[in-house]
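Structural overview
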Protein chains: 2
Amino acid sequence: MNLKTLAQELGLSPTTVSRALNGYPEVSEATRARVTAAANAAHYHPNTQAKRLATGRAMAIGHIIPISGRHEIVNPVFADFIAGAGEVYARAGYDMVLTIVPDEDEARAYGELRSKGNVDGVLIHAPRVNDHRITMLQSLGLPYVLHGRISGIESSYSWVDVNNVRAFERATHFLLDLGHQRIALINGIGDMDFARRRRRGYELALAARALAPDPLLIAEGEMTEAQGHDQARAMLALPNPPTAFLTASLLSAMGARRAVEEAGLVMGRDVSILTHDDELGYLKNGTDQQPIFTATRSSVREAGRRCAAMLIDQIASGEHTPRSDLMEAVLVVGDSTGPAPER
Amino acid sequence: MNLKTLAQELGLSPTTVSRALNGYPEVSEATRARVTAAANAAHYHPNTQAKRLATGRAMAIGHIIPISGRHEIVNPVFADFIAGAGEVYARAGYDMVLTIVPDEDEARAYGELRSKGNVDGVLIHAPRVNDHRITMLQSLGLPYVLHGRISGIESSYSWVDVNNVRAFERATHFLLDLGHQRIALINGIGDMDFARRRRRGYELALAARALAPDPLLIAEGEMTEAQGHDQARAMLALPNPPTAFLTASLLSAMGARRAVEEAGLVMGRDVSILTHDDELGYLKNGTDQQPIFTATRSSVREAGRRCAAMLIDQIASGEHTPRSDLMEAVLVVGDSTGPAPER
DNA sequence: TCTGGGGTCCAAAGCGCTTTGGATCTATGG
DNA sequence: CCATAGATCCAAAGCGCTTTGGACCCCAGA
């Protein structure tokens with residue numbers, strides 16, 4: 001079933017049918033009703049490719065996911081982000097097209113996406129410090145929105161991000177207020193921009209109390225359960241061990257908790273743990289009423305929604321002036337933190 | 001830059017340029033070389049929409065992800081599966097288009113995907129027992145491949161699946177051989193097909209030793225850390241507690257371990273834990289040399305690759321005779337299992 | 001010398017839609 | 001009664017590509 005045959009069945013021209021279905025005013029309400037009724041009855045949907053070719057708009061948003069050969073990890077946050085963005089796309093009639101590329105081909109992938117014209121814009125994930133993708137995107141003239149920001153780039157761009165500095169600053173103050181002096185930071189990979197910001201928040205809070213960060217209490221790496229466990233165990237074995245841990249993800253926190261318990265200590269009494277929580281669908285921090293960990297919480301799914309909405313709006317309006325959306329994390333208090341033990 | 005202007009610059013017709021780039025024989029090797037050189041220099045890539053319209057092939061595969069309002073969980077396995085499939089798509093020149101829909105709209109989504117013609121086939125995730133999607137897909141005439149199978153459907157279809165029955169049967173035998181008699185099963189959601197099969201494997205092994213399954217030792221639910229923890233804790237509090245746990249995912253196993261340790265027991269000595277491991281990128285079961293949990297292991301990412309390859313092959317060949325690919329899980333032995341304690 | 005078959009290339013017709021530039025008809029006001 | 005504006009519809013061009021059906025040239029074989 002295509003436009004032409006539908007038009008023939010109705011005794012109308014394709015022009016009129018097209019206009020009726022697309023809401024143009026040059027068609028009487030009577031015939032519009034006839035047309036929509038017939039279209040529904042025939043389960044007619046305009047062919048996507050033809051529509052795209054004719055209008056020049058792809059009605060699709062691209063996400064490029066680089067797969068690196070070195071550490072082949074699929075970001076656990078990714079699925080939830082995608083789900084959030086996808087909801088918005090679906091409502092707005094956009095498709096989401098994912099491209100998986102070996103990371104050495106990432107630049108080429110953006111270029112091809114552009115010249116093949118199969119997306120109207122792209123969403124950029126997991127920016128690193130001094131990320132080169134922005135300059136590339138800008139030279140391509142393809143609309144984009146970042147999930148995160150890029151320290152060290154002066155040109156402006158559109159982004160949605162959590163206030164990582166503030167979140168970790170508050171979290172650190174929270175622990176300091178409980179009397180902790182030796183606070184460890186188990187962070188994400190060092191050149192990820194969000195990790196850099198979280199560290200800055202941590203250091204700001206320490207500095208506010210005239211405390212110097214101890215390099216032995218700062219670890220970086222992929223945010224897995226094993227990383228949390230191994231780093232925490234090593235730190236607990238130090239001559240002067242930490243009394244509190246600040247971790248970058250729930251998985252790391254779970255690993256840290258395991259290390260604490262293995263050491264015969266009790267979480268919340270002997271050692272406190274405070275983590276960031278992305279509110280992943282499959283990794284809940286207990287319930288709202290009773291969180292397991294004290295945490296700075298911010299929904300990555302909501303971030304996906306906001307990114308998508310911003311990008312679509314930008315594409316639809318044709319306005320490419322950079323926008324931004326800074327989300328604040330909330331601090332939820334669970335049983336994993338308590339006063340620093342007497343020394 | 002489009003075909004026409006490229007052809008003009010070369011002093012050739014669009015026909016010839018198109019044929020040169022697409023490898024048709026009716027063009028001399030000399031001009032083919034000229035054309036490809038010019039195309040590369042100009043970073044020319046044929047417009048996707050135009051190509052699709054002309055050829056009638058969308059060069060895209062659809063994945064429909066239903067989001068249910070009830071339990072809004074994004075399957076943690078999903079990201080890795082997608083990554084595997086995406087690798088294959090990228091190599092074959094296919095796009096991957098994801099559609100997120102509220103699950104009451106899922107049927108409509110498939111129909112629209114078909115009539116709008118923006119995919120050549122679909123991949124079906126997470127089939128449930130008596131899943132209705134297959135009959136729908138078959139009536140639509142859209143090529144598809146299932147990740148998993150559907151008990152209770154007699155018509156044949158294409159699928160890629162792990163031998164869940166065998167895996168859990170072996171796992172149960174492994175525990176039985178260690179002397180365990182009270183083995184608990186912490187399974188996935190009951191009407192998911194894979195969960196049904198795993199349970200069958202578990203029950204087959206028990207039956208082979210003339211043991212009746214104890215309903216108190218069988219739990220179902222979403223495979224989260226909290227679920228594993230809560231179920232295991234409840235079971236350990238039974239008058240006649242289990243000495244071993246069989247869990248359906250690494251997250252559940254981590255939860256079970258926590259419950260075991262909270263009870264003052266030692267994993268691998270007092271209580272054994274054996275889990276299925278999907279080899280997720282962000283949730284490793286220790287290292288290959290030293291796994292944390294004894295586990296039945298099967299890469300979901302590899303399953304994604306195989307699904308994608310099968311579907312693409314099916315589309316390209318035009319053959320819709322059902323195929324299947326049964327993957328066997330391997331049993332890796334870690335420190336989480338040991339002989340049943342003396343009673 | 002003539003014929004026919006490769007080897008190369010091209011003109012033009014789609015693919016299914018949107019959109020421009022009318023055409024036709026009816027009501028309205030002077 | 002006529003000119004005009006508005007309402008309603010349509011023919012045809014065009015989006016950028018593929019593909020069919022030749023056209024043309026050159027050379028081998030009769």
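Throughout what follows, the structure given in this document is the object of discussion.

About the criteria used
- Here the residue numbers are simple positions, counted from 1 along each chain's written sequence.
- Chains and ligands are labelled sequentially in the order written, the chains with letters from A and the ligands with numbers from 1.
- Confidence filtering applies because this is a predicted model: local features only for residues at pLDDT of at least 70, side-chain atom pairs given and counted only at 80 or more, and all residues used for totals across whole chains, interfaces and linings.
- By convention in this description, side-chain values take in all heavy atoms of the structure and omit both hydrogens and water.
- Helix numbers and strand numbers start at the N terminus; a helix is a DSSP run of H or I with at least 4 residues, a strand a run of E with at least 2.
- When we talk radius of gyration, it's over C-alpha atoms, and the globule rule is simply 2.2 Å times the number of residues to the 0.38.
- In this scheme, a residue with accessible area under 20% of its type's maximum is buried, one over 50% is exposed, and one in between is partly exposed, where area comes from a 1.4 Å probe on protein chains only.
- Note on definitions: a residue-residue contact is assigned when non-hydrogen atoms from the two residues lie within 4.5 Å.
- All accessibility values rest on the Shrake-Rupley procedure with a 1.4 Å probe; residue burial counts only the protein chains present in the view.
- Overlaid copies result from least-squares superposition on C-alpha atoms, with residues included only where pLDDT is at least 70 in both.
- For this description, a residue counts as near a given molecule or strand if any of its non-hydrogen atoms is within 4 Å of it.
- As used in this structure description, the phrase polar contact means that two N or O atoms lie within 3.5 Å; if the pair is within protein, one of them must be able to donate a hydrogen and the other to accept it, and residues adjacent in sequence are counted only when both atoms belong to side chains.
- Residue classes follow a fixed rule: Ala, Val, Leu, Ile, Met, Phe, Trp, Tyr, Cys and Pro count as nonpolar, while Asp, Glu, Lys and Arg count as charged, and any other residue, Gly among them, counts as polar.
- When DSSP finds two or more bridges between two strands, those strands count as paired.
- Simply put, an axis is a line fit to the C-alpha atoms, just over the touching stretch for a helix, and the angle between two N-to-C directions goes from 0 to 180 degrees.
- When a carboxyl oxygen of Asp or Glu is within 4 Å of a side-chain nitrogen of Lys or Arg, the pair counts as a salt bridge.

Description of the overall build of chain A
From N to C terminus, chain A includes 12 helices and 12 strands. For 343 residues, the compact-globule estimate of 2.2 N^0.38 gives 20 Å, and the C-alpha radius of gyration of chain A, at 25 Å, exceeds that figure by more than 25%. When its C-alpha atoms are laid out on the principal axes, chain A stretches across 90 × 45 × 35 Å. Split into buried and exposed, the 343 residues of chain A put 54% on the buried side. Restricting the contact set of chain A to residue pairs at least 6 apart, pairs at least 24 apart contribute 67%. A total accessible area of about 14,500 Å² is found for chain A, and carbon and sulfur atoms account for 52% of it.

Side note on the relation of the copies chain B and chain A
Laying chain B over chain A is done by rotating through 180° and shifting 0.0 Å along the axis; what remains is an RMSD of 0.0 Å. Viewed as a symmetry operation, the transformation between the two copies matches a two-fold axis. Ranked by how close their C-alpha atoms come to the rotation axis, the residues of chain B are headed by Val-97 of chain B, at 2.2 Å. Comparing contact sets, 100% of the residues at the interface of chain B also lie at the interface in chain A, consistent with an isologous, same-surface contact.

Concerning the protein's contact with DNA strand D
Close to DNA strand D lie 26 residues, the nearest being Arg-19 of chain A together with Leu-3, Ser-18, Arg-19 and Tyr-24 of chain B. When atoms of DNA strand D within 4 Å of the protein are sorted by moiety, sugar and phosphate together comprise 56%. One nitrogen or oxygen atom from the side chain of Thr-16 of chain A is found 2.7 Å from a phosphate oxygen belonging to DNA strand D. Listing elements by their share of the surface near DNA strand D, those giving two or more residues are α2 (14-21) and α4 (48-55) of chain A together with α2 (14-21) and α4 (48-55) of chain B. In the surface near DNA strand D, the residues fall into 10 nonpolar, 12 polar and 4 charged.

A short note on the environment of Glu-169 of chain B
All names here are of chain B. Looking at the secondary structure, you find Glu-169 in helix α8 (residues 164-177). For Glu-169, a relative accessible area of 24% corresponds to the partly exposed category. A C-alpha to C-alpha distance of 61 Å links Glu-169 and Ala-38, two positions 131 residues apart in sequence. Aside from chain neighbours lying at most four places away, what touches Glu-169 is Gly-201, Tyr-202, Leu-204 and Ala-205.

Details of the protein's contact with DNA strand C
Within the structure, DNA strand C sits among 26 residues, and Leu-3, Ser-18, Arg-19 and Tyr-24 of chain A together with Arg-19 of chain B are positioned closest to it. Per the 4 Å cut-off to the protein, sugar and phosphate atoms form 56% of the nearby atoms of DNA strand C. Separating a phosphate oxygen of DNA strand C from a backbone N or O atom of Leu-3 of chain A is a distance of 2.3 Å. At 2.9 Å from a phosphate oxygen of DNA strand C is found a side-chain nitrogen or oxygen belonging to Asn-22 of chain A. Breaking the surface near DNA strand C down by element, the ones donating at least two residues are α2 and α4 of chain A together with α2 and α4 of chain B. At 4 residues, the largest contribution of residues to the surface near DNA strand C is made by α4 of chain A. Its residues placed into classes, the surface near DNA strand C shows 10 nonpolar, 12 polar and 4 charged.

What about the pairing of strand β10 (residues 294-297) of chain B?
Residue and element names in this part refer to chain B. As paired strands, strand β9 (residues 272-277) and β10 are joined by 4 bridges and run parallel to one another. Counterpart to His-276 in the pairing with β10 is Thr-296. In terms of strand pairing, β10 meets strand β12 (residues 330-332) through 3 bridges, oriented antiparallel. The residue bridging Arg-297 from the neighbouring strand is Val-330, located in β12.

Quick look at the sheet that holds strand β7 (residues 218-219) of chain A
Residue and element names in this part refer to chain A. Taken together, the 6 strands give an open sheet; going across it, the order is β7-β6-β8-β9-β10-β12, and neighbouring strands pair in mixed fashion. Looking at strand neighbours, the two that pair on one side only are β7 and β12 (330-332), the edges of this open sheet. Across 4 bridges, strand β6 (residues 183-186) lies against strand β8 (residues 244-247) in parallel orientation. Counted as the bridge partner of Ala-184 is Phe-245 from β8. Strands β6, β7, β8 and β9 (272-277) of the sheet are contacted by helix α9 (residues 193-208), whose axis makes an angle of about 170° with β6.

Considerations on the pattern of salt bridges
This model, assessed by the stated rule, comprises 48 salt bridges over all chains. With a shortest N-O distance of 3.1 Å, Glu-87 of chain A and Arg-301 of chain A are connected by a salt bridge. With Glu-87 of chain A in helix α5 (residues 78-92) and Arg-301 of chain A in helix α12 (residues 300-317), this pair connects stretches of sequence that are 214 residues apart. Judged by its relative accessible area of 17%, Glu-87 of chain A is buried. For Arg-301 of chain A, a relative accessible area of 3% corresponds to the buried category. We note a salt bridge from Glu-106 of chain B to Arg-133 of chain B, for which the minimum N-O separation is 3.1 Å. Within this pair, whereas Glu-106 of chain B is found in helix α6 (residues 106-116), its partner Arg-133 of chain B is found in helix α7 (residues 133-140), the two being separated by 27 residues in sequence. Neither Glu-106 of chain B nor Arg-133 of chain B differs from the other in exposure class; each is buried.

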